[in-house]
Amino acid sequence: MAQLLTETEIQQRVSVLSGWTVAGSTIKTTRTFKDFIQAIEFVNKLVEPAESAGHHPDIEISYNKVKIQLTTHDAGGLTQKDFDLAAVISQIN
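Residues numbered from 1 in each chain as written. Predicted model: local features only at pLDDT ≥ 70, side-chain atom pairs only at ≥ 80, totals over all residues. Heavy atoms only, no water.

Draft legend 1. Focus on the overall build of the protein chain. What the protein chain contains, in helices and strands, is three helices and four strands. Listing each helix as α and each strand as β along the protein chain from the N terminus yields α-β-β-α-β-β-α. Summarising its shape, the C-alpha atoms of the protein chain cover approximately 40 × 25 × 20 Å along the three principal directions. Across the 93 residues of the protein chain, 37% fall into the buried class. A total accessible area of about 5,500 Å² is found for the protein chain, and carbon and sulfur atoms account for 51% of it. Looking at charge distribution, the protein chain has the averaged site of its 8 positive side-chain charges lying 8 Å from that of its 11 negative ones. (Helix = DSSP H or I, 4+ residues; strand = E, 2+ residues; numbered from the N terminus. Buried < 20%, exposed > 50% of the residue type's maximum accessible area, 1.4 Å probe, protein only. Areas by Shrake-Rupley, 256 points an atom, 1.4 Å probe, with all protein chains shown as cover. Lys, Arg positive; Asp, Glu negative; His and termini not counted. Charge placed at Lys NZ, Arg CZ, Asp CG, Glu CD.)

Draft legend 2. Up close: the environment of Leu-5. Residue placement: Leu-5 occurs in the segment before α1 (7–14). Placed 39 residues apart in sequence, Leu-5 and Asn-44 show a C-alpha to C-alpha distance of 29 Å. Contact partners of Leu-5, with chain neighbours within four places excluded, come to Ile-10, Arg-13, Leu-78, Thr-79, Gln-80 and Phe-83. (Contact = heavy atoms within 4.5 Å.)

Draft legend 3. Inspection of unusual backbone geometry at higher detail. Positive phi values are uncommon outside glycine, yet Tyr-63 reaches one of about 50°. Structurally, Tyr-63 is set in the loop between β3 (58–62) and β4 (65–70).

Encoded structure:
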């Protein structure tokens, strides 16, 4: 099981991720697209990196907005896995 990060470690890591914030035991971001089709295309691009990492985001789609939350469920909070996947997601257009 992955090791939980301390509050200081969490704050350090989220500070270098543009558009991500801490919300309880998760980190989250919202991406806005031109329309629903672009939002779905973006979500489809998340599949491969999430599968490769063996770590899957919670995703909510509302027309042209995609909300993504990450937490390591089996560890009960935030771990390095969350920040690694967030960094990859941040690079996807």
